[in-house]
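# What the coordinates show
For reference, the chains in residue letters:
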Amino acid sequence: MKIARETLQFILEVCKSSAPLEFAGMLSARGDIITEVVVVPGTESSDESAVMELFMLPNIHTVGSVHSHPSGNITPSGADLELFSKKGIVHIIAGAPFDSGSWKCYDKDGVQVKLEVVDYEFKEENDFESGE
Ligand SMILES: [Zn+2]
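A quick note: this is a predicted structure, and the numbers were derived from the prediction, not measured.

Our focus in this paragraph is the sheet that holds strand β2 (residues 24–30). Pairing within the open sheet is mixed, and its eight strands lie in the order β7-β6-β5-β4-β2-β3-β1-β8. In this open sheet, the two edge strands, each paired with only one partner strand, are β7 (112–113) and β8 (116–118). The pairing of β2 with strand β3 (residues 33–39) spans six bridges and is classified as antiparallel. Looking at β3, one finds that Ser-28 is bridged to Glu-36. Relative to the sheet, helix α1 (residues 5–18) contacts β1 (2–4), β2, β3, β4 (64–69), β5 (90–95), β6 (103–106) and β8, its axis offset from that of β1 by approximately 75 degrees.

Turning our attention to the packing of aromatic side chains. For the structure on display, the rule yields two aromatic pairs. Centre to centre, the rings of Phe-84 and Tyr-106 are 6.3 Å apart; their planes meet at 25 degrees, and the pair counts as stacked. Taken as a pair, Phe-84 in helix α3 (residues 78–84) and Tyr-106 in strand β6 lie far apart in primary sequence, 22 residues in all. Each member of the pair, Phe-84 as well as Tyr-106, carries the same accessibility label: buried. Look at Tyr-120 and Phe-122: their rings are 4.9 Å apart centre to centre, the planes differ by 80 degrees, and that puts the pair in the edge-to-face class.

Definitions and cut-offs
- Residues numbered from 1 in each chain as written.
- Predicted model: local features only at pLDDT ≥ 70, side-chain atom pairs only at ≥ 80, totals over all residues.
- Heavy atoms only, no water.
- Pairing = 2+ DSSP bridges.
- Helix = DSSP H or I, 4+ residues; strand = E, 2+ residues; numbered from the N terminus.
- Contact = heavy atoms within 4.5 Å.
- Axes fitted to C-alpha atoms, helices over the stretch in contact; angles between N-to-C directions.
- Phe/Tyr/Trp six-rings, centres within 6.5 Å; stacked < 30°, edge-to-face > 60°.
- Buried < 20%, exposed > 50% of the residue type's maximum accessible area, 1.4 Å probe, protein only.

The analysis is restricted to geometry; functional conclusions fall outside its scope.
So, in structure tokens, the structure goes:
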């Protein structure tokens, strides 16, 4: 799995602007490249409740999740690990100061995995929801 550079930059920016509140979203991919963040409305400041709402979203095809830890400790919490195991295959946690070195990616077992950042050419595509 890989992530588009612009998508990662968006994630870091929105996490930073959300701090000290937590940002949470779902990740959607084209092929094996994560290109979209589905923003979860109603994100609470509490880490656990943000993630809970994240996983209650129905019927969105996603490959994983992203959320921020404004504290800067980007180790998954117990609640994070439980939820990672339920849905998705890649889970990003971004922490303060939200720069290119302050995020990590974990698999469904909470094991840190490498997520390659790639340049991806975004095209005009209006068929995002069709065919499902
Ligand atoms: Zn968390």
